[in-house]
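For reference, the chains in residue letters:
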Amino acid sequence: MDQRAPLFDWPEEGVRRTPYLIYTDPDVHEAEMQRIFRGRTWHYLGLEIEIPHAGDYRLMDVGDTSVIMVRTPGGGVNAMVNRCAHKGSMLLFELFGNVKELMCIYHNWLYDFDGNLRNVPFGKGINGKGGLPDDFQTCDHGLQRLRVEILHGIVFGTFSDEVEPLSDYMGPEMLANTTRVAGKEFKVLGYYSQYLDSNWKLYVENATDPYHATILHAWATKLKLNRLTMEGAIEMGRGGWHHLSWSKMATDQGGEVYETAQFRSGSEEMGQFGLHDPSVIEQWDEFGDGITTAIQTGFPNFMLQQIHNTIAIRVLIPRGVEGSELMWTVLGYADDEEWKTQGRLKQCNLIGPSGYISMEDGMVGNLVQRGTKGDKDKASVMELAGDSIETIRNSRASECGVRGFYTGYRELMGV
Ligand SMILES: [Fe+2]
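Please read these numbers as outputs of a predicted model, since none were measured by experiment.

### Focus: the nonpolar core
As a rule of thumb, soluble globular proteins bury nonpolar side chains together.
Thought 1: If you look at the biggest cluster of nonpolar residues, it comprises 86 residues, and the most contacted ones within it are Y44, L45, V67, I68, M69 and Y203.
Thought 2: Taken domain by domain, this core gets at least three of its residues from each of domain 1 (43-149) and domain 2 (173-413).
Thought 3: Sequence-distant contacts of L45, that is, excluding residues within four places in its chain, are made with M60, V67, M69, A79, V155, F156 and G157.
Thought 4: Within the second largest apolar cluster, five residues are counted, among which are I234, I389, I392 and C400.

### Topic: the sheet that holds strand β20 (residues 392-393)
Thought 1: With respect to topology, eight strands assemble into an open sheet ordered β12-β18-β17-β16-β15-β14-β13-β20, the strand pairing being antiparallel. Strands at the two margins of the open sheet, each flanked by one partner only, are β12 (186-196) and β20.
Thought 2: Sheet topology places strand β13 (residues 231-237) next to strand β14 (residues 242-248); seven bridges connect them, and they run antiparallel. Along β14, the bridge assignment pairs E235 with L244.
Thought 3: Strand contacts of helix α8 (residues 338-347): β12, β17 (310-318) and β18 (324-333), with the helix running at about 155° to β18, the strand carrying the most contacts.

### Concerning the pairing of strand β4 (residues 65-71)
Thought 1: Of all seven residues in β4, five are buried, a share of seventy percent or more.
Thought 2: Alignment of strand β3 (residues 56-62) against β4, held across six bridges, turns out to be antiparallel. The partner of V62 across the bridge, within β4, is T65.
Thought 3: Adjacent in sequence and paired antiparallel, β3 and β4 are bridged by two residues, among which G63 carries a positive phi angle near 60°.
Thought 4: In this sheet, strand β5 (residues 77-81) lies alongside β4 in antiparallel orientation, the contact comprising five bridges. Note on β5: the bridge partner recorded for I68 is M80.
Thought 5: Hairpin remark: β4 followed by β5, antiparallel, with five residues in the connecting loop; positive phi at G75, about 95°.

### Regarding the packing of helix α3 (residues 200-207) against helix α9 (residues 359-372)
Thought 1: In contact at an axis separation of 9 Å, α3 and α9 are set at 125° when each is read in the N-to-C sense. With respect to α9, the axis of α3 lies oblique. Our pair here, α3 against α9, has a crossing hand that is right-handed. For the pair α3 and α9, the contacting residues are L202, Y203 and N206 in the first and D361, V364, G365, V368 and Q369 in the second.
Thought 2: Considering only residue class, the contact of α3 with α9 consists of four nonpolar, three polar and one charged.

### A short note on the sheet that holds β4
Thought 1: Taken in spatial order, the four strands of this open sheet run β5-β4-β3-β6, and their pairing is antiparallel. Every interior strand has two partners, whereas the edge strands, β5 and β6 (96-98), have only one. Going across the sheet, the axis of each strand differs from the next one's by a mean of 30°, ignoring polarity.

### Details of the domain arrangement of the protein
Thought 1: Split by domain assignment, the protein resolves into domain 1 (43-149) and domain 2 (173-413).
Thought 2: Counting residues at the interface gives seven residues for domain 1 and eight residues for domain 2.
Thought 3: Taken together, the residues of the side of domain 1 that touches domain 2 break down into three nonpolar, one polar and three charged.

### So, the pairing of β14
Thought 1: Counting buried positions along β14 yields six of seven residues, so the element is predominantly enclosed.
Thought 2: Relative to strand β15 (residues 293-298), β14 is paired through five bridges, and the arrangement is antiparallel. Bridge pairing links H243 to T297 in β15.

### Observations concerning the environment of Y409
Thought 1: Looking at the element boundaries, Y409 is found in helix α10 (residues 400-413).
Thought 2: Linking Y409 and E322, residues 87 residues apart in sequence, is a C-alpha distance of 18 Å.

What counts, and at which threshold
Counting restarts for each chain, with residues numbered from 1 along the sequence as it is written. pLDDT decides what is reported in this predicted model: residues at 70 or higher carry local features, side-chain atom pairs at 80 or more are listed and counted, and totals for whole chains, interfaces and linings draw on all residues regardless. In this description, a nonpolar core means buried residues of the types Ala, Val, Leu, Ile, Met, Phe, Trp, Tyr and Cys, linked to one another by C-beta atoms lying within 7 Å. The exposure label follows from counting other C-beta atoms within 10 Å of a residue's C-beta, where the C-beta atoms are placed from the backbone and the thresholds are 20 or more for buried and 12 or fewer for exposed, leaving partly exposed in between. Domain boundaries shown here were taken from an automatic or database domain assignment. Any two residues are considered in contact once their C-beta atoms, placed from the backbone, lie within 7 Å. The pairing criterion for strands is at least two bridges between them, as found by DSSP. Helix and strand definitions here come from DSSP, where helices need a minimum of 4 consecutive H or I residues and strands a minimum of 2 consecutive E residues; each element is numbered from the N-terminal end. Convention adopted: a line fitted to C-alpha atoms gives each axis, helices being fitted over their contacting stretch, and angles between N-to-C directions are expressed from 0 to 180 degrees. Oblique is the label for every angle not falling under 35 degrees (roughly parallel), over 145 degrees (roughly antiparallel), or within 65 to 115 degrees (roughly perpendicular). Note: crossing handedness is left-handed where the near helix turns anticlockwise from the far helix by less than a right angle, and right-handed where it turns clockwise. Think of it as three bins: nonpolar holds Ala, Val, Leu, Ile, Met, Phe, Trp, Tyr, Cys and Pro, charged holds Asp, Glu, Lys and Arg, and polar takes everything else, Gly as well.

Following this line, the structure appears as structure tokens:
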């Protein structure tokens, strides 16, 4: 139980509000790095297929801490903080690579893939002079390890000794969809990295919020790719911490609601837009269940995405208080025929930094960042479906996903 005094008072309405100060306050940000990112949470580190051979590594940031995920000679996967125990220099600074051991470029301190310190240059001095004292124990100066668990080839790590095993942390709802999407071997098709001029939580809010998805993305709505009037649900996991929103494009029952309501998608201006080449949205039933969009989030910043046949993992890295980096890993499957790979690549025009659907997500957070900055004592209002953080079926007109995220947030932050 956290006995520290709360950093600030959360509005009395609870998670139907988010206080604007959490997007700009440096003390809040620092507390998030410790209490959330190094707290009782699991974090995406990468994929096993990215590091097939001994010494293959990839870097991932957990909050503001760089972490090395590495394949050991024994075939396992280890994770440790990317920081030399000597002066604190990063050991590795390229995102991917292969190394024989972990050597710091600064003074060549050398570590094995279990993080043990193996050599200190001039540790015995020269001509009997200088060097390390006799009581210097190399075993006291290894790299800081993370707990690691792997689910369907997806590698997660945590700084916490207390957090439950990964499968319990995810819960049955998120596990089911993870198995649905990641149950057969992935193939990496490519990467996007996207800097956002907004606090990291604003993008998480966006990803947990299907309310915006059929409104902000007027293009997708006009083409009937995603509408709230389709069969769908928002499933909540672990008491709201995680969310999964899905819909089935072929089940749209909405009639003219999007055309007659005062939405941009129904405006005269949008009426002029269509596709000269509809092949960009040609798709196949990916999993045989008719679900055409499924966005899963894992607290705090993990996203597993199926938008039509674009499969991707997104992870949102805080970059200071008012910035963040969205890292996309675009995926197909190892057994994909070539036409499927080509189809996925074409549909990638829908997602990513300049995707027809998702480019708006990158900019709208900045509108909130700038809009809220001047009034840190005010709060946003999220009352669709009241204060529920429960699963909602046959509707997605609920902000339960965002409220659920802040339920976890408040618990870990003690606010
Ligand atoms: Fe969106």
